[in-house]
Amino acid sequence: MQELVLIQPGRAAEKEFAQEAAQAAVRREFEERLAECGPLAYRVARGVLRNSADAEDVAQEALLRAYRRFERLRDRGRFRAWLVRIAFRLAIDRARSAKRREVRETLWSQTARRASTEDLAATSEFQEHLDRAMDELPEKRRLVLLLAAMQGHSLEEVAEMLGLPIGTVKSRLFFARKQLAEKLRCHRK
Amino acid sequence: MPSKMKTCEDYRTALTDAAAAAVQPSLELRSHLDACASCRAAFAEEKQFFAAINKAVRATADAEVPVSFFPRVRARLNEQSVPQRSWIPASVAFAAAAALIVAFVFLRGHRRDGAGPNLQMNIATRNPARKTIPAALAPAVVPSRTQAAKREPNNRRLVPSGNQVERVSVLIPAGQKRAVDTLLAGLRNGALKADMLVSEHPEQPSQDLELSPLTISPIEIKPLAIMSEESAPEKEKTSR
């Protein structure tokens, strides 16, 4: 005996077409966000890692993650803050694993790695001390300090980006600067 | 007056705080700075120090984005499968999974209590015809009609009575859906019988089609000649 199963091909094709159109719209919207917020993700990662290649990797990864979860983001206006947090978290993780690796590695390989980076030319002694002092800052303070120093962001913008009250941003920035000053005072020129 | 009793050392922290916060010093501190040249110099130095820190932080934070950054990101985005919103929310999926587990546990317990250790054996003994089906070919559980309907809710089906069910998928050409619906309705009502569709009609003997050969008029083939306008008439004459 036979059972007849009737398939309507038109409906499936329509569904596929609608899905493709929706995906293209998502991609277009993401491209706009990428142009606007991509540099910010890179700079946040660069601020934590202080290495261009690592920062590029981390920023790419952050953007890919954001793209994968883009449709789940209900408030697209929060994209910038969302991306900053992803990039910062990834950069912190990368920095920690690099630190662990450095402990394992020998001193000569450490110096060789630093000498090979393009960033060496840009760093002065003071800058190196500052970088080390920044590494020791608590994460929350460090992120506020970086964002406030970046692209001339105002404190209101930083507060909006991180979803924090302006007072919290001010106090974090104040304590971050003070902590840096305490560490750097002995290296003062 | 308490302010007069304060020494320069007492103002040191306030100086640093004002420089760190990059704000105007308090009224009390300002009046002290106006009066004390050394504190004024220390304050200026502190401000310079924090300005240097800010500059260095800015140098770290405001790095130039490499030219290769955007092309690389786009290339990686292209490699990615396009994000798709899951049509089942996570909570629903979780609830469904939990329900399935509960149902499985319940059925297992029910089997042990009531139906005996081997349900397949019970079915086989109740229906001797099933014994003839080899174990390798027989499905574990024959799906009931309602189960099949639940599995494919969008498809329409006609199931003639019988034990074994073989499915045939039929692709409906555009514009013929109504005709097929009418046909199916007839089959369901009993106005039409499925056998009529698959067997040859006894009253109409099959007729062989007559095929006549295709007639093609003979084609005159001439050699291709490139002729100039002047020589063309002469060549025509010679060919004739």
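Within each chain, residue numbers correspond to sequence positions counted from 1 in written order. To read the labels, note that chains go from A and ligands from 1, taken in the order they are written. Predicted model: local features are reported for residues with pLDDT of at least 70 only, side-chain atom pairs are reported and counted for 80 or more only, and whole-chain, interface and lining totals are derived from all residues.

## Some remarks on the overall build of chain B
Test applied: Helix and strand definitions follow DSSP, with helices as H or I runs of at least four residues and strands as E runs of at least two, each counted in order from the N terminus. Residues are called buried when their C-beta atom has 20 or more other C-beta atoms within 10 Å, exposed when it has 12 or fewer, and partly exposed otherwise; all C-beta atoms are positioned from the backbone.
The secondary structure content of chain B amounts to 11 helices and two strands. When the elements of chain B are put in sequence order from the N terminus, they spell out α-α-α-α-α-α-α-α-β-β-α-α-α. Looking at chain B residue by residue over its 240 residues, the buried ones come to 7%.

## Thoughts on the overall build of chain A
The condition that has to hold: In this description, a residue-residue contact is defined by the distance between C-beta atoms placed from the backbone, which must lie within 7 Å.
Helices and strands together make up the secondary structure of chain A, namely eight helices and one strand. Along chain A, helices and strands appear, N-terminal first, in the series β-α-α-α-α-α-α-α-α. Out of the 189 residues belonging to chain A, those deemed buried represent 31%. Taking contacts inside chain A between residues at least 6 apart in sequence as the whole, the part at least 24 apart equals 68%.

## Some words on the nonpolar core
Residues and elements named next belong to chain A. Let me state the cut-off plainly: We define a nonpolar core as a collection of buried residues of the types Ala, Val, Leu, Ile, Met, Phe, Trp, Tyr and Cys that are connected via C-beta atoms lying within 7 Å of each other.
One finds Ala 41, Val 44, Ala 45, Ala 62, Leu 83 and Ala 87 to be the most contacted residues of the largest nonpolar core, which totals 58 residues. With 10 residues, the single largest contributor to this core is helix α1 (residues 9-49). Excluding anything up to four places from it in sequence, Val 44 contacts Val 84, Ala 87, Phe 88, Ala 91 and Leu 146.

## Focus on the environment of Pro 39 of chain A
Within the secondary structure, Pro 39 of chain A sits in helix α1. Distance from Pro 39 of chain A to Ala 59 of chain A, taken between C-alpha atoms, is 8.5 Å for residues 20 residues apart in sequence.

## Quick notes on unusual backbone geometry
A negative phi angle is the norm for most residues apart from glycine, just as the trans form is the norm for most peptide bonds. Unlike most non-glycine residues, Arg 50 of chain A shows phi in positive territory, near 55°. Here Arg 50 of chain A is to be found in the loop between α1 and α2 (52-68).

## Some details on helix α6 (residues 139-149) of chain A
Where burial is concerned, most of α6 of chain A is hidden: nine out of the 11 residues are buried. Phi turns positive, to about 50°, at Gln 151 of chain A, one or two residues after α6 of chain A.

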